[in-house]
Amino acid sequence: MPPRTRKNDAKADANKKAKTEAKVHLSEYGICRLLAASTLAPINPPEDPIFKLLNECIADSDPSKINLSIGAYRDETGKPWVLPVVQKAKQILLSDPASNHEYFGLDGNRSFTEASARLILGQDSAAMKDKRVTHIQAVSGTGAVRLGADFLAKFRPGTVYITNPTWGNHPKIFAASHLKVVEYNYWDGKTRTIAYDTLLDNLNTAPVGSIFVLHACAHNPTGLDPTHDQWKQIASIMKERQLFPFFDCAYQGFASGDLDRDAWAVRYFVEQGFELLVAQSFSKNFGLYSERTGCLTGVFADKETTVKAHSQFCALVRCSISNAPGFGAKIVDIVLKDAALTKEWKENLKTMANRITLMREKLFEHLKRMETPGIWTHITSQIGMFSYTGLTLAQVAAIKSKFHVYMTDEGRVSMAGLNESNVKQFAEAVDWVVRNA
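None of the values given here were measured: they were computed from a predicted structure. (Residues numbered from 1 in each chain as written. Predicted model: local features only at pLDDT ≥ 70, side-chain atom pairs only at ≥ 80, totals over all residues. Heavy atoms only, no water.)

Caption draft 1: A look at the pattern of salt bridges. Using the criterion set out here, one finds 14 salt bridges in the structure. For E56, the salt bridge identified is with K400, shortest N-O distance 2.9 Å. Taken together, the residues E56 in helix α3 (residues 49–59) and K400 in helix α17 (residues 393–403) connect sequence positions 344 residues apart. Judged by relative accessible area, E56 falls into the partly exposed class, the value being 28%. A relative accessible area of 27% means that K400 is categorised as partly exposed. (Salt bridge = Lys/Arg side-chain N within 4 Å of Asp/Glu carboxyl O. Helix = DSSP H or I, 4+ residues; strand = E, 2+ residues; numbered from the N terminus. Buried < 20%, exposed > 50% of the residue type's maximum accessible area, 1.4 Å probe, protein only.)

Caption draft 2: Inspection of the sheet that holds strand β10 (residues 293–299) at higher detail. One open sheet accounts for seven strands, arranged β2-β10-β9-β8-β7-β3-β4; its pairing is mixed. Every interior strand has two partners, whereas the edge strands, β2 (133–139) and β4 (181–185), have only one. Recorded for the sheet is a direction-independent mean angle of 25 degrees between the axes of neighbouring strands. Pairing of strand β3 (residues 160–164) with strand β7 (residues 211–215), which is carried by two bridges, proceeds in the parallel orientation. The residue of β7 that forms the bridge with Y161 is F212. (Pairing = 2+ DSSP bridges. Axes fitted to C-alpha atoms, helices over the stretch in contact; angles between N-to-C directions.)

Caption draft 3: Quick look at the pairing of strand β9 (residues 276–281). Within β9, six of the six residues are buried, which leaves the element mostly enclosed by the surrounding structure. Burial along β9 is two-sided: L276, V278 and Q280 facing one way and L277, A279 and S281 facing the other are all buried. Strand direction decides the pairing type here: strand β8 (residues 244–249) and β9, joined by four bridges, are parallel. Residue C249 lies in a different strand from β9, and its bridge partner there is Q280. In the sheet, β9 pairs with β10 via six bridges, with the strands oriented antiparallel. Residue pairing across strands places S281 opposite G294, the latter belonging to β10.

That's the geometry; what it means functionally is another story.
If you want it as structure tokens, here you go:
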């Protein structure tokens, strides 16, 4: 221990003061204190409602429970279905001696992204021939939406209009990109159809240059899409008012079983000369849920703008994910490059789409036979993974507590969770809560 001197005492006092100031600094500016004081980031944030519901269902030991919560396809036995064409593509990939785990470029697997763009825009797309299209791999549809949102926030900011209801991540993603979000009613609860007049009102009154997030097909969660004539009217107003279309396409081919039919709206907007973005997901139509396979496709006014946009896409990727995951993209690329495998994939899509359509018909038949009060024709007029039943919050709570049926609070059900063994049981549960809850 050094002898006490005035110099040593001064040094000790300085060290003590520094430690005290550090503690004050941490107490005032430490992460824990700041998070505790923040209304934006609570210490114990609530679980995501979908995954919370799923976890509740998993914990339920009742053998008769019905899981209609999460949007993932199930076969007739209620099990996850790996598409046969995906199984084949996996074997091709695993048996390829040249296959490796090297990085892609910043824009991802280019063969995959070009195939993705052609899938949504059409094999003979004039925009692609004119080199007005760019595409970049993303972490599934979620990553594609976020990448597009960040791009718009930086280069074409504007108020973002989204439907109410919509996919639960839409408002969160655009808000995280620091864009103002406005919701408008899309669902008419009385008629159980699209609130089309409200949609048109918002198109006509939104600030010029606003961004509209449009569901390319199989609107999530309502399953209700505009007709072709309605899409034409929407496009006409958007062109006149210089509104920017951002399509979210998570269900191409899965919605109707027809890839071209499900891409009609996007292709029509491109034909009308719009600049636009399309977020594509291959989770549903390839069953690659956990492989996070997606693409962001952009259509621009000219080749020069397209080149600049591509470089900015890459810059955004570099500072976020840096490099896209490989496995799922390689699977999709193998299928889309091979005519025989593509044909088989289309058959797999029809298998999924047709089974869901059959469950819609069965559910409607049971409700009709029991003369369940209310309008139920929307069950069969909706398409895609989900049905927006129209059940109230109280009815949803009752169907869960009494019948162990798990659906979201707004009454959305994943039709893929129904099969021949439980669709009647579900219909009877719906009938009971409608009459009694």
